[in-house]
Amino acid sequence: MNILRILLVFVTFQLQAQNSIPQNYFSKPLDIPLILSGSFGELRNNHFHSGLDIKTQQRSGIPIYAPADGYVSRVKVGHYGFGKALYIKHPNGYTTVYAHLQKFQGAIQHYVKDNQYKKESYEIELFPEASLLTVKKGDIIGYTGNSGSSGGPHLHYEIRDGASRPMNPMLFGVDILDTKNPIINSVYAYPMSDDATVNKSKAPVKLRLIKQKDGTYKTEKISAYGKIGFGVSTNDQQNGASNKNGVYSIKTSNNGKRKIDIVFEKFSFDETRYLNRYIDYKNFKTNKSRVQKLFRETNNPLSIIKQDDDRGLITVLDGYASNFSISIKDYKGNLTYISIPVQGKKDTITSSKKLNQALEYVPSATASRISKGNFKVYVPKNALYEGAYLDIKTSGDTLHFHQDNVPVHKNISISMDITNYKGLDKNKLYIGRLNYTKIPYYTTTRRENNTLTARTRTMGSYVLAMDTVSPTIKAHNFTDGKWNSKTNTLKIKIKDTHSGISKYRATINGIFILMEYNYKKDVITYTFTDEIATETQNNLRLIVTDNVGNSTTFEAIFFRKKL
Ligand SMILES: [Zn+2]
């Protein structure tokens, strides 16, 4: 027994040594106090947040310093997502990532721009060779911004391991002041087995929380039977920030026996969408609150779940009594503790929920092909996390494919036969999703003969839509036929209200110019410092095309002092 224990200690030590994370190898990427607007593992739409969002004092243009020696291994510039993103690979095998930048620095910026001009495209992704763009610890590599799908100026900062898995940067010694305990928004009990009940209900039950004098929480005593799981909606606040971030760990136990450990240390990108399996998706769609289910269901391979006993569920029999506890910690170890008294009591409930005959059962383990009216829907295997009864019907050119309260993991295809479509402009048709706006939301649509096919991971209503309206283009900071010497940019408003903008191409005197599209402001910008030789009189030409191929050509003349 003793030898075994020594061996165990030794093995544990070995594992820790192997996994040892370098401390303070990476210095701070910004020379400002680090306050977070987002933490690692935080629950977001369809993904876990893969890094830290560092606040940048509500402004852009703050220099980013290489936190260690390395080289630029990847640069990606896109209209959406990370916007302008930079990846630096370090000799210790880790890669640091910087996103939503305003611009890159020096040689990196030149390299990117050269390639954008070569490709004649703002959107670009490059993987420079190791020797091309080396950086030394402390070098400025870029400036913070708000590019891509960013809701305000900040730096998205990541540290990825050798297998490209994002890791919690706090594990590397990033220090954030935090003395506040995690906040509890709600606690739920879930009856999981067929015979399970909680407080005479077969549906999830929200539990009343009672704050104790010592700062811990207790819920009302529940009367339960069968396999029961629990869920919690929780956030963490850090000092000096009013926003709510994610927590670091959630651990549960029943009468002192460990049930499940969830730790936000690292994950891989191919598992991040399983967030929709992990949270109570229906509850999220109804209440906008993300309840984390503290048990592992089928089709949930998440590696953030470290240890589980009977998938985190408890089995409650008649007369059984237990105390279930949830311990939630932030990275600094501030603890919020919830205790849930459980009393076993068998309640037979005559199910009030009668199965709606109109619903269609769509399995998870096999693919399904569903035909309805002019529509055909293909649901691949494992597109759903579990089989579900779905409300699928058509009315004319609209397909009601249930509603967005059932999560979809893989793309489903929605095809529509337009053979009998009587209108003239068959080329201008697309499949759009009906949302709160009047205009159907464009869903990438492919047309093959008389079949339109859209792929989506959102259930809801889809409709045959048409876009015959070309994009609008309007000069923003100059006037056609006038001098424009005072500013160093050309700004143009571009907009397409129906299918949306797909591409744009601009030239001055016939030569391609790089324009940066900010979809949040409907503006594209050219910066004269690109040194495209301008004449005194210049002819600007811009073509903007929408997603179904309508295009608008804009031409203007402006005068400028010759470069
Ligand atoms: Zn972020």
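Sequence order sets the numbering: in each chain, residues are counted from 1 along the sequence as written. Selection of residues for local features in this predicted model requires a pLDDT of at least 70, selection of side-chain atom pairs for listing and counting requires 80 or more, and totals for whole chains, interfaces and linings are taken over all residues. To get the side-chain values, all heavy atoms of the structure are used, and hydrogens and water are removed first.

A word on the overall build of the chain. Working definition: helices are DSSP H or I runs of at least four residues, strands are E runs of at least two. Numbering for both runs from the N terminus. Each helix and strand in the chain was counted, giving 4 helices and 48 strands. Expressed as lengths along the three principal axes of its C-alpha atoms, the size of the chain is roughly 90 × 65 × 45 Å. Burial statistics for the chain: of 563 residues in total, 49% are counted as buried. Only heavy atoms enter the contact rule, under which two residues are in contact if any of them lie within 4.5 Å. Of the contacts formed within the chain by residues at least 6 apart in sequence, a portion of 67% connects residues at least 24 apart. With residues, only the protein chains shown are counted as cover, and all accessible areas are computed by Shrake-Rupley using a 1.4 Å probe. For the chain, the accessible surface area stands at approximately 27,800 Å², while carbon and sulfur atoms represent 50% of it. Positive charges are assigned to Lys and Arg, negative charges to Asp and Glu, while His and the chain termini are left out of the count. The atom standing in for a charge is NZ when the residue is Lys, CZ when it is Arg, CG when it is Asp and CD when it is Glu. With 78 positive and 49 negative side-chain charges, the chain shows a separation of 3 Å between the mean positions of the two kinds. Note on classification: 1.4 Å probe, protein chains only; a residue is buried when its accessible area is under 20% of the maximum for its type, exposed when over 50%, partly exposed between these limits.

For the rest of this paragraph, the subject is the coordination of the zinc ion. Coordinating donors are taken as N, O and S atoms within 2.8 Å of the metal, stretched to 3.2 Å for Na, K and Ca; because water is absent from the atoms, sites can appear incomplete. Within the protein, the atoms that donate to the zinc ion are H49 (NE2), D53 (OD) and H156 (ND1), at distances of 2.0 to 2.1 Å. Taken in chain order, the donor set of the zinc ion reads H-x3-D-x102-H. Of this pair, D53 sits in strand β4 (residues 52–55) while H156 sits in strand β13 (residues 154–160), placing them 103 residues apart in sequence. Each member of the pair, D53 as well as H156, carries the same accessibility label: buried.

This part covers a positive patch on the surface. Patch membership requires over 30% relative accessible area and the absence of a salt bridge. Like charges are linked within 9 Å, and nonpolar side chains (Val, Leu, Ile, Met, Phe, Trp, Tyr) within 5 Å. When a carboxyl oxygen of Asp or Glu lies within 4 Å of a side-chain nitrogen of Lys or Arg, that pair is called a salt bridge. The grouping of K474, K493, K520 and K521 at the surface amounts to a positive patch. Mapping K520 onto the fold places it in the loop between β45 (516–518) and β46 (523–527). Take K520: its relative accessible area is 35%, and that puts it in the partly exposed class.

Next up on the list: the sheet that holds strand β30 (residues 375–379). If DSSP finds at least two bridges between two strands, the strands pair. The sheet built from 5 strands is open, its strands ordered β29-β30-β34-β38-β37 with antiparallel pairing. Sheet topology places β29 (368–372) and β37 (445–448) at the edges, where each strand pairs with a single neighbour. Here the strands of the sheet are splayed against their neighbours by 20° on average, with no regard to which way each runs. Direction of pairing for strand β34 (residues 412–417) relative to strand β38 (residues 451–456): antiparallel, over a ladder of 6 bridges. Within the sheet, the bridge partner assigned to D417 lies in β38 and is T451. Axis definition: a line fitted to C-alpha atoms, limited for helices to the stretch in contact. Angles are taken between N-to-C directions and run from 0 to 180 degrees.

Before going further, it helps to examine the domain arrangement of the chain. Per the domain assignment, the segments of the chain are domain 1 (36–172), domain 2 (183–344), domain 3 (360–466) and domain 4 (472–559). An automatic or database domain assignment provides the domain bounds reported here. Spacing between the C-alpha centres of domain 1 and domain 4 amounts to 27 Å. Taken residue by residue, the interface counts 14 residues in domain 1 and 13 residues in domain 4. Summed over both sides, the interface between domain 1 and domain 4 buries roughly 1,200 Å², with carbon and sulfur atoms accounting for 53% of that surface. Once two parts are put together, the accessible area they lose, assessed with a 1.4 Å probe and summed over both, is termed the buried area. On the domain 1 side of the interface with domain 4, the three residues burying the most area are Y117, E120 and Y122, jointly 49% of the side's total. Where domain 1 packs against domain 4, one counts 2 salt bridges. A salt bridge links R505 to E120; its shortest N-O distance comes to 2.3 Å. Counted as a polar contact is a pair of N or O atoms within 3.5 Å, where, for protein atoms, one must be capable of donating a hydrogen and the other of accepting one, and residues adjacent in sequence contribute only when both atoms are in side chains. There are 9 residue pairs in polar contact (both at pLDDT 80 or more) connecting domain 1 and domain 4. No other element matches the 3 residues that helix α2 (residues 106–119) contributes to the side of domain 1 that touches domain 4.

Here the focus is the sheet that holds strand β48 (residues 551–559). On the basis of which strands lie adjacent, the open sheet formed by 5 strands has the order β41-β48-β47-β43-β44 and mixed pairing. Looking at strand neighbours, the two that pair on one side only are β41 (482–483) and β44 (511–513), the edges of this open sheet. In terms of strand pairing, strand β43 (residues 501–508) meets β44 through 3 bridges, oriented antiparallel. Each bridged residue has a counterpart across the sheet, and for T507 the counterpart in β44 is F512.

A few words on α2. The periodicity of an α-helix, 3.6 residues per turn, causes residues three or four places apart in sequence to face the same way. Along its 14 residues, α2 runs 20 Å from first to last C-alpha, staying within 8% of the 20 Å computed at 1.5 Å per residue. Residues of α2 that are buried include every one of I108, Y111, V112, N115 and Q116, and no others. What you see down the axis of α2 is that its buried residues fit within an arc of 130°, all on one side. Exposed and facing more than 90 degrees away from the buried side of α2 are A107, H110 and K118. Expected span of a helix, by definition, is 1.5 Å for each gap between consecutive residues, and there is one gap fewer than residues. Each direction from the helix axis to a C-beta atom contributes to the arc, which is the arc of those directions.

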